[in-house]
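Residue-level structural notes
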Amino acid sequence: MKIVKVKIPATTANLGPGFDTLGMALSFYDSYEAEVVSSGLEISVVGEGAGDIPLDESNLIYKSLALVFNKLGKKVPGLKIRCENNIPHGRGMGSSGAAVAGGIMLAAGILQDEIEISEQQLLGFATELEGHPDNVAPALFGGLTIAWVQEDGVPRHKKLTVHRGVSPLVLVPPHQMSTKLARSLQPESVPHTDAVFNVSRSALLVAALTQSPELMLAATEDRLHQSYRSSAMPETSALIQKLRDQGHPAVVSGAGPSVLVLEDDPAKRMAAVALVESSFPDWRVLALAVDVKGASLLVQSGSGT
């Protein structure tokens, strides 16, 4: 019997101005394992979400795996799925994107002797389930990704290498935030001046992340989404304002309520940590790196070879 293991990075999306477009993989991981058995479905979860995550066919990892099998005309085998979750749920660190990407990679590993699944297919399957590619692209491929959907509905991505001077800091509150609620606070349209503002900052942010991290504070300015969501995340907004007032490039991580700080200097990073620990002591501080690999897959036979 085949055993497939996958390690999936957390992700942070938007990065300030790059709404629904920019995403980055972080050195913080969930690990999933699928063992092919004769029949049935058995799912176990330890860590984040244990006790809350469904353990039947509605489980997101299983749904993602099953979608790949169904799309490729294959029957889903009996499975034992084991999940070791570290990525906080409902905090803007891509936990659902990791589950989707993880399930798809487990399917790819199980099927690899029969079907070779391309990167484009992986991204297409993941986007179909997640609804947008900005989190699943870096979860699958690592690094900084620019993701978009073509007019024909096909998702695409471009992976970029982040400047080695960039040091991500993720500040995680004890409370969750619903992505659905966050999205519901977005207006149907925005002023032309705000749209132009974000186009300029998004372009500048790509340059800051890849070449000129000293431009990060200006590059992370945003007028498209963060202010509209601030009423639902008052602590998040207050922390971001406090950090930015002191020169730290802080933004909402994904849909929130976590905060992402993209420092370019170790001393500044330490100062940001000290500010959080003194003003928001119940927040968790994660000093991370950019994950450059994305999902990693290990396939074994039942004998361990």
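Below: a short report on this structure. (Residues numbered from 1 in each chain as written. Predicted model: local features only at pLDDT ≥ 70, side-chain atom pairs only at ≥ 80, totals over all residues. Heavy atoms only, no water.)

A word on the overall build of the chain
Helix and strand counts for the chain come out as ten helices and eleven strands. By the compact-globule yardstick of 19 Å for 305 residues, the chain fits well, its C-alpha radius of gyration being 19 Å. Dimensions of the chain, computed from the C-alpha atoms along their principal axes, are close to 60 × 45 × 35 Å. Counting over 305 residues, the chain shows a buried share of 50%. For the chain, contacts bridging at least 24 residues in sequence account for 74% of all contacts bridging at least 6. Accessible surface computed for the chain: about 13400 Å², of which carbon and sulfur atoms make up 52%. Distance from the positive charge centre (25 side chains) to the negative charge centre (32 side chains) of the chain: 3 Å. (Helix = DSSP H or I, 4+ residues; strand = E, 2+ residues; numbered from the N terminus. Rg over C-alpha atoms; globule rule 2.2 N^0.38 Å. Buried < 20%, exposed > 50% of the residue type's maximum accessible area, 1.4 Å probe, protein only. Contact = heavy atoms within 4.5 Å. Areas by Shrake-Rupley, 256 points an atom, 1.4 Å probe, with all protein chains shown as cover. Lys, Arg positive; Asp, Glu negative; His and termini not counted. Charge placed at Lys NZ, Arg CZ, Asp CG, Glu CD.)

Thoughts on the packing of aromatic side chains
Evaluation of the coordinates by the stated rule reveals one aromatic pair. Pairing F280 with W283 gives two aromatic rings, centres 5.7 Å apart and planes at 70°, and the pair type is edge-to-face. For W283, a relative accessible area of 5% translates into the label buried. R223 extends its terminal NZ or CZ atom over the ring of F197, reaching a point 3.8 Å from the ring centre. (Phe/Tyr/Trp six-rings, centres within 6.5 Å; stacked < 30°, edge-to-face > 60°. Lys NZ or Arg CZ within 6 Å of the ring centre and 35° of its normal.)

Structural notes on the pairing of strand 3 (residues 41–47)
Note: strand 3 against strand 4 (residues 78–85), seven bridges, orientation parallel. Note on strand 4: the bridge partner recorded for E42 is K80. A crossover links strand 3 with its parallel partner strand 4, the connecting element being helix 1 (residues 60–71), and its sense is left-handed. (Pairing = 2+ DSSP bridges. Right-handed = clockwise from strand over helix to strand, strands pointing away.)

A closer look at the pattern of salt bridges
Under the definition given, this model contains nine salt bridges. Residue K71 is joined to E128 by a salt bridge in which the shortest nitrogen-to-oxygen separation is 3.2 Å. Taken together, the positions of K71 in helix 1 and E128 in helix 3 (residues 119–130) put the pair 57 residues apart, joining distant regions of the chain. Owing to a relative accessible area of 47%, E128 belongs among the partly exposed residues under this scheme. One salt bridge connects D194 with R223, and the closest N-O pair in it is separated by 3.6 Å. Of the two residues, D194 sits in helix 6 (residues 192–210) while R223 sits in the loop between helix 7 (216–219) and helix 8 (226–229), which places them 29 residues apart along the sequence. We classify R223 as partly exposed; its relative accessible area is 35%. A cluster of three or more residues bridged by salt bridges with shared partners is formed by K5, E33, E35 and R82. (Salt bridge = Lys/Arg side-chain N within 4 Å of Asp/Glu carboxyl O.)

Quick notes on the packing of helix 9 (residues 234–245) against helix 10 (residues 266–279)
At their nearest, the axes of helix 9 and helix 10 sit 11 Å apart, and the two run at 140° to each other. Taken together, the axis directions place helix 9 and helix 10 in an arrangement best described as oblique. Our pair here, helix 9 against helix 10, has a crossing hand that is right-handed. Listed contacts from helix 10 to L239, K242 and L243 of helix 9 are A272, L275, V276 and S279. Considered class by class, the residues forming the contact of helix 9 with helix 10 number five nonpolar, one polar and one charged. (Axes fitted to C-alpha atoms, helices over the stretch in contact; angles between N-to-C directions. Parallel < 35°, antiparallel > 145°, perpendicular 65-115°, else oblique. Left-handed = near helix turned anticlockwise from the far one by under 90°. Nonpolar A, V, L, I, M, F, W, Y, C, P; charged D, E, K, R; others polar.)

Some remarks on the pairing of strand 9 (residues 259–263)
Counting buried positions along strand 9 yields five of five residues, so the element is predominantly enclosed. Burial along strand 9 is two-sided: V259, V261 and E263 facing one way and L260 and L262 facing the other are all buried. With five bridges joining them, strand 7 (residues 167–172) and strand 9 adopt antiparallel strand pairing. Its bridge partner being in strand 9, S167 is matched across the sheet by E263. Note that strand 8 (residues 250–252) and strand 9 share three bridges and pair antiparallel. Looking at strand 9, one finds that A250 is bridged to V261. Between the end of strand 8 and the start of strand 9, which pair antiparallel, lie six residues, with G254 showing a positive phi angle near 60°.

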